[in-house]
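# Residue-level structure breakdown
What follows is each chain in one-letter form.
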Amino acid sequence: MMQMNSMILTLILFVPLAGAVVLALLPDRGKTMQWGALVVTLFTFFLTLHLPVHYNHALSGMQFETNHLWLAAPAIHYHLGVDGLSMWLIVLTGLLAPLGVLVSWKAIDTRTKEFYVLFLVQQTAMLGVFAALDLFLYYGFWELSLVPMTILIAIFGRTENRRKAAIKYFLYTFITSALLLVAILWLYARTGTFDFVVLQQLAAAHQISPSISALWLASLAFLLAFATKVPVFPLHGWLSDAIAEAPTAAVMVLAGKLGLYSILRFSLGIFPAESHRIAPLMIALGVIGILYGSLIALVQTDLKRLAAYSTLGHLSFCILGIFSFTIASIDGSIYQIINHGISGGALFMLMGMLYERYRTYDMRDLGGIAQKLPWMITLFVLTTLSLIGLPMLNGFVGEFLILSGSFPAHVYWTAAATLGVILGAAYMLWMIQRVFYGHLGPKPKALHAGIAIPDLNAREQISLWPLAILMLVMGVASPYWMRVIDPSGTQLADKSATAATPRVVVLSSATFAAQDDTSSAKGGK
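Okay, so let's go over this structure. (Residues numbered from 1 in each chain as written. Predicted model: local features only at pLDDT ≥ 70, side-chain atom pairs only at ≥ 80, totals over all residues. Heavy atoms only, no water.)

## Notes on the pattern of salt bridges
Using the following cut-off: Put simply, a salt bridge is a Lys or Arg side-chain nitrogen that is within 4 Å of an Asp or Glu carboxyl oxygen. Going along the chain from the N terminus, every DSSP run of H or I of four or more residues is numbered as a helix, and every run of E of two or more is numbered as a strand. When a residue's accessible area, from a 1.4 Å probe over protein chains only, is under 20% of the maximum for its type it is buried; when over 50% it is exposed; and in between it is partly exposed.
As enumerated under the stated definition, the model contains seven salt bridges in all. Arg 265 serves as the salt-bridge partner of Asp 83, at 2.7 Å between the closest nitrogen and oxygen. Remark: Arg 265 occurs in helix α13 (residues 257-270) and Asp 83 occurs in the loop between β2 (76-82) and α4 (87-103); sequence separation between them is 182 residues. By relative accessible area, Asp 83 is classed as buried at 6%. Accessibility expressed as a relative area gives 5% for Arg 265, which makes it buried.

See below:
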């Protein structure tokens, strides 16, 4: 078992990559690519379940570690490990991958080999970001995640604007990632290591650099790259176009998880004092993002763009929670990252299934289809209620912890953020009313007059019900997940509080006596 624990992260990382290589070599016939990708992603998900089953709650720090010297000069290690911050994100990534394959089963009917190979490479990159503890290795996975996503958007986008959206996404994320690389190399020049655990210890002892301005610039480079990836307002310029164009399986993992995890892991872990300095600005941007995203979502007529601005609003809650630096708010932010992967992923899957039936995302063309699609409306409503934070569902737990943890220190900002909850309920429920109720829209009227539009089939139900069950279970049994998350949230909050405390120089009585003798000799008082 100890040998398996040391190998498990390597297996989780490279099974999807090996699967991508095998699919690239196989002939593209029938459903070969779909079945191959499904087998690989299911096996990867099975491997990720080893982590929560064998996680030791009595230990602090990293678990399932693998640490081998890769290159001696510069000192680059193949260092992997997980803790309460990253473990559930790895399991979530493993879960979403087979669901993405199922939802793409018929939606992707051309160039299927390229799609599923790129999809598996993207999964490897995301898993690597969550597991890597060497900054150089982490940066390799971070950059790798840009390439397949950009190609997926450019090739499999639904309109002629797909290449424009792909280029915009790539430029936003690549330019800021170049600054991240510069900051990583500066850290290595100062410390001689890329190892996150060592850098965290040096940061706690204030031994990375005596230059406050240099540390400040390095922290900004890290934060800018991560904030663009989330995205944080006003760095969201790529978001609506990318989500509008990306295929469903890609858009399920496009926003939020990588950027928010990286802020928690690296910005707060290596630059705690600098994170406190910029916290007022980040809290303001988070609340502005909540309100801006909600208000823009209210006036959308396109389902994908409404979901894009809804994503901006929901992820901005996490920014508010992270930079409030309380245990409750950080725990809530980590929980909300997982929630959004589940509920947001289900929303995008349902929208994709609706598009397969009516070939439109325009709400003005829909309406009055609830009776025709009873299973779809049931799961749509459940997902919507989860996203708006209905008690007993998962979204409530994350939002409540964020708002309750942020309120004591940031009363007015938290009160403004609470308005975003109300606006979120308004645009999500209005979306349900416009799409499923009222008079029969032009598209349904034309299609239902000629053929019977089917409700969710078995494949679609299999892909949706695991997420629906998790929405309920995570709402009523959150302590199971919090048992792993809370120690990491507590550690981050404690380190941030320590970094914010001014260092006090303690002078002994002998010091004062020596000062008095010197003053008397000079005739001073």
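## Observations regarding unusual backbone geometry
The linkage connecting Ala 73 with the following residue, Pro 74, adopts the cis geometry, with an omega of 0°. Examined against the element boundaries, Pro 74 turns out to sit in the loop between β1 (63-71) and β2. The linkage connecting Phe 233 with the following residue, Pro 234, adopts the cis geometry, with an omega of 5°. Unlike most non-glycine residues, Phe 64 shows phi in positive territory, near 55°. Structurally, Phe 64 can be placed in strand β1. Using a relative accessible area of 6% as the deciding quantity, one classes Phe 64 as buried.

## Concerning helix α15 (residues 303-322)
Test applied: To estimate the expected span of a helix, count its residues, drop one, and scale the result by 1.5 Å. Here a polar contact is taken to be a pair of N or O atoms separated by no more than 3.5 Å, where protein atoms must pair a possible hydrogen donor with a possible acceptor and residues adjacent in sequence count only if both atoms sit in side chains.
Here α15 spans 29 Å end to end across 20 residues, near enough to the 28 Å set by a 1.5 Å rise per residue. Extensive coverage of α15 is indicated by the burial of 19 of its 20 residues. The N-cap residue of α15 is Asp 302: its side-chain oxygen and the backbone nitrogen of Lys 304 are 2.9 Å apart.

## Re the packing of α4 against helix α21 (residues 458-476)
What counts here: Angular values range over 0 to 180 degrees, each being the angle between N-to-C directions of two axes fitted as lines to C-alpha atoms, with helices fitted over their stretch in contact. Here roughly perpendicular refers to angles of 65 to 115 degrees, roughly parallel to angles under 35, roughly antiparallel to angles over 145, and oblique to all remaining angles. Helix crossings get a hand from a simple test, with the near helix turned counterclockwise from the far one by less than a right angle marking a left-handed crossing and a clockwise turn marking a right-handed one. Whether two residues touch is decided by their heavy atoms; if any such pair falls within 4.5 Å, the residues are in contact.
Following both chains from N to C, one finds α4 and α21 inclined at 150°, their axes separated by 8 Å at the closest point. Judged by the inter-axis angle, α4 sits roughly antiparallel to α21. Judged by the twist between their axes, the crossing of α4 over α21 is left-handed. Each of Leu 95, Leu 96, Leu 99, Leu 102 and Val 103 in α4 lies in contact with α21, whose residues at this interface are Arg 459, Ile 462, Ser 463, Leu 467 and Leu 470.

## Structural notes on helix α17 (residues 374-387)
Counted at 1.5 Å a residue, the expected span for α17 with its 14 residues is 20 Å, and the 20 Å between its end C-alpha atoms agrees. Looking at α17, one finds that the buried residues are Met 376, Ile 377, Leu 379, Phe 380, Thr 383, Thr 384, Ser 386 and Leu 387. Looking at the buried residues of α17, the elements they touch are α15, α16 (327-358), α18 (394-406), α19 (411-436) and α21. Looking one or two places after α17, you find Gly 389, whose phi comes out positive at around 85°.

## With respect to the pairing of β2
Keep this limit in mind: Strands were regarded as paired on the criterion that DSSP finds at least two bridges between them.
With six of seven residues buried, β2 is to be regarded as a mostly interior element. The pairing of β1 with β2 spans six bridges and is antiparallel. Looking across to β2, one finds that Gln 63 is bridged to Val 82. In sequence, β1 turns back onto β2 through a hairpin of four residues.

## As for a nonpolar patch on the surface
Stated formally: Surface patches are drawn from residues lacking salt bridges whose relative accessible area is over 30%; two like charges belong together within 9 Å, two nonpolar side chains (Val, Leu, Ile, Met, Phe, Trp, Tyr) within 5 Å. Accessible surface is estimated by sampling points in the Shrake-Rupley manner with a 1.4 Å probe; for residues, cover comes only from the protein chains shown.
Side chains of Ile 167, Leu 171, Phe 174 and Ile 175 sit close together on the surface and give an oily, nonpolar patch of about 370 Å² of accessible area. Tracing the chain through its elements places Leu 171 in helix α8 (residues 162-191).

## A closer look at the nonpolar core
A general feature of soluble globular proteins is that nonpolar side chains tend to end up buried together. Heads up, the rule is: Buried residues of nine kinds, namely Ala, Val, Leu, Ile, Met, Phe, Trp, Tyr and Cys, make up a nonpolar core once their side-chain atoms join them within 4.5 Å.
Among the nonpolar cores identified, the biggest contains 181 residues, and Phe 222, Phe 323 and Met 431 are the most heavily contacted of them. Those residues in contact with Phe 323, other than ones at most four positions away along the chain, are Leu 223, Ile 263, Ser 275, Ile 278, Ala 279, Met 282 and Ile 283.

## As for the environment of Tyr 480
Tracing the backbone shows Tyr 480 in helix α22 (residues 478-500). By relative accessible area, which is 48% here, Tyr 480 ends up partly exposed. If we ignore the near neighbours within four places in the chain, the residues touching Tyr 480 are Pro 52 and Trp 88.

## Notes on the layout of surface pockets
Worth spelling out the cut-off: A cavity here means a set of points on a 1 Å grid, drawn over the protein atoms and nothing else, where a 1.4 Å probe fits but cannot get out; a pocket is an open set with protein on both sides within 12 Å along at least five of seven lines, and a residue lines either one if it has an atom within 4 Å of a point. Grid points are joined across faces, edges and corners, and a volume is the space filled by probe spheres set on the points.
Considered as a void within the structure, the second largest pocket measures approximately 480 Å³ in volume. In terms of lining, the second largest pocket is formed by 23 residues, of which the most central are Ala 107, Ile 108, Phe 156, Arg 158 and Tyr 355. Secondary structure elements with two or more residues in the lining of the second largest pocket: α7 (146-156), α12 (248-251) and α16. The greatest single-element share of the lining of the second largest pocket, amounting to three residues, is contributed by α16.

## Overview of the side chain of Glu 399
What counts, and what does not: For the charge count, each Lys or Arg is scored as positive and each Asp or Glu as negative, with His and the chain ends excluded.
By secondary structure assignment, the location of Glu 399 is in helix α18. The buried charged residue Glu 399 lacks any salt bridge, with Lys 257 as its nearest oppositely charged partner at 16 Å. Sequence-distant contacts of Glu 399, that is, excluding residues within four places in its chain, are made with His 314, Phe 317, Gln 336, Leu 387, Ile 388, Gly 389 and Val 421.

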